[in-house]
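# A look at the structure
Now for the letters of each chain:
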Amino acid sequence: MKNVKNGLLILVLLILTLTLTACTSSFNSIKKSFEDAGYTYDEDTATDYENVFDGKDGEKISVTVHAFSGDLLSYAIVFEFKSTSEMDKAIENSSTLKGALEDLQKSDLVRGNCFLLPITLNPDEMINIFQGK
């Protein structure tokens with residue numbers, strides 16, 4: 001009986017650890033990738049927008065918008081959602097985001113709980129930086 005209790009305790013701790021790990025934001029590693037590539041993070045533009053997107057059940061989804069500037073006419077706008085599930089809900093319910101994702105591959109514009117909007121003449125390079133390649 002003691003072994004069963006210990007096994008259940010370990011299982012619960014493992015599930016809790018995986019859940020907390022899945023909730024972490026990808027933004028810090030994205031920020032580091034852009035700064036390592038010579039982009040400047042504009043702290044003044046980092047803004048929290050409350051209740052920007054509507055979820056399926058009428059719930060409101062918020063987003064933090066970050067901006068990086070590179071060379072002339074090269075800007076990376078990163079939308080950071082609280083979680084990947086909130087990001088998926090926003091994409092599913094927003095025709096603007098759906099349209100953007102139809103033009104480029106979703107997997108390249110999404111990293112964890114963040115979505116990239118590249119404003120540049122060379123989006124492939126910016127997407128590689130965003131993906132940490």
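Look a little higher up for the structure.
Quick summary incoming for the structure in this document. As the structure is a prediction and not an experimental result, all values here were calculated from the model.

Next up on the list: the pattern of salt bridges. Enumeration over the complete set of coordinates arrives at one salt bridge. Residues K32 and D36 are paired through a salt bridge, measuring 2.8 Å at the closest nitrogen-oxygen approach. One end of the pair, K32, and the other, D36, are both in helix α2 (residues 27–36), four residues apart, so they sit about a helical turn from each other. Judged by its relative accessible area of 58%, D36 falls in the exposed class.

Below, the discussion takes up the pairing of strand β4 (residues 75–81). Among the seven residues that make up β4, six are buried, leaving the element largely enclosed by the rest of the structure. Taken together, the seven bridges between strand β3 (residues 60–69) and β4 define a ladder with antiparallel strand orientation. Bridged to S69 within β4 is Y75. Here β3 folds back onto β4 in antiparallel fashion, the turn holding five residues, of which L73 has a positive phi close to 60 degrees. Strand direction decides the pairing type here: β4 and strand β6 (residues 114–119), joined by six bridges, are antiparallel. Along β6, the bridge assignment pairs F79 with F115.

All right, on to unusual backbone geometry then. Located in the positive-phi region is L73, a residue other than glycine, with phi close to 60 degrees. Among the structural elements, L73 can be located in the loop between β3 and β4. Relative accessible area serves as the criterion here: at 52%, L73 is assigned to the exposed category.

Attention shifts here to the environment of V110. Among the structural elements, V110 can be located in strand β5 (residues 110–111). Sequence spacing of V110 and M87 is 23 residues, and the spatial spacing of their C-alpha atoms is 9.4 Å. In this structure, V110 is in contact with M87, F115, F130 and Q131, ignoring residues within four places of it in sequence.

The next subject is the packing of aromatic side chains. Counting across every chain of the model gives six aromatic pairs. When the centroid spacing of 5.8 Å and the interplanar angle of 55 degrees are considered together, the rings of F27 and Y41 count as tilted. One end of the pair, F27, is in helix α2; the other, Y41, is in strand β1 (residues 40–41), and 14 residues separate them in sequence. By relative accessible area, F27 is classed as buried at 6%. The class for Y41 is buried, based on a relative accessible area of 15%. Ring geometry for Y41 versus F68: centroids 5.1 Å apart, planes at 45 degrees, classification tilted. Here the residue Y41 occupies a position in strand β1, and F68 occupies one in strand β3, the gap between them amounting to 27 residues. Both residues of the pair, Y41 and F68, count as buried. Ring-pair connections join several aromatic residues into one group, and the members of that group are F27, F34, Y39, Y41 and F68.

About the criteria used
Residues numbered from 1 in each chain as written. Predicted model: local features only at pLDDT ≥ 70, side-chain atom pairs only at ≥ 80, totals over all residues. Heavy atoms only, no water. Salt bridge = Lys/Arg side-chain N within 4 Å of Asp/Glu carboxyl O. Helix = DSSP H or I, 4+ residues; strand = E, 2+ residues; numbered from the N terminus. Buried < 20%, exposed > 50% of the residue type's maximum accessible area, 1.4 Å probe, protein only. Pairing = 2+ DSSP bridges. Contact = heavy atoms within 4.5 Å. Phe/Tyr/Trp six-rings, centres within 6.5 Å; stacked < 30°, edge-to-face > 60°.

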